[in-house]
Amino acid sequence: MKPCIKVTKRFEMTRPTFDEFKNKALLKPEVKKAFDELELEYELKLKLIKMRKATNMTQEEIARKMNTKRSNISRLESFEYKSSPSISTLVAYAKATGHKLKVEFI
């Protein structure tokens, strides 16, 4: 007698991509509202980090140019820190990285 071989279909669980997860989550009004409230802050902090990296400077070097501590620059760039920087801090950061601050309303 031949052995009986049972073939089963293997199901693999796949995780959604970040974009799929985000798009699904943003369909919920409360998530969309929270996302919209944080979007400007996120964009600002991302821009600060990109400016510093484009100049190949460390947080320590930026801090020295701004006459402050590295921990203050770390907080300024942190997505965990919820305080908004002052205009004078943003002007000093821009100057330290060789940029100028421009504020626009659209």
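The following refers to the structure shown. (Residues numbered from 1 in each chain as written. Predicted model: local features only at pLDDT ≥ 70, side-chain atom pairs only at ≥ 80, totals over all residues. Heavy atoms only, no water.)

The subject of this paragraph is the layout of surface pockets. For the largest pocket, the calculated volume is near 730 Å³. The wall of the largest pocket is formed by 21 residues, among which L40, L44, L90, L101 and K102 lie closest to the centre. Broken down by secondary-structure element, the contributors of at least two residues to the lining of the largest pocket are helix 2 (29–54) and helix 5 (87–96). Ranked by residue count, the leading element in the lining of the largest pocket is helix 2, at eight residues. A breakdown of the residues in the lining of the largest pocket according to their chemical character gives eleven nonpolar, three polar and seven charged. Roughly 220 Å³ of internal volume is contained in the second largest pocket. Residue lining of the second largest pocket: A34, F35, L38, E39, E41, Y42, E43, K45, F79 and K82, and that is the complete set. For the lining of the second largest pocket, the per-class residue count stands at five nonpolar, no polar and five charged. (1 Å grid on protein atoms, 1.4 Å probe; cavity = no way out; pocket = protein on both sides within 12 Å on 5 of 7 lines; lining within 4 Å. Points joined across faces, edges and corners; volume = space filled by probe spheres on them. Helix = DSSP H or I, 4+ residues; strand = E, 2+ residues; numbered from the N terminus. Nonpolar A, V, L, I, M, F, W, Y, C, P; charged D, E, K, R; others polar.)

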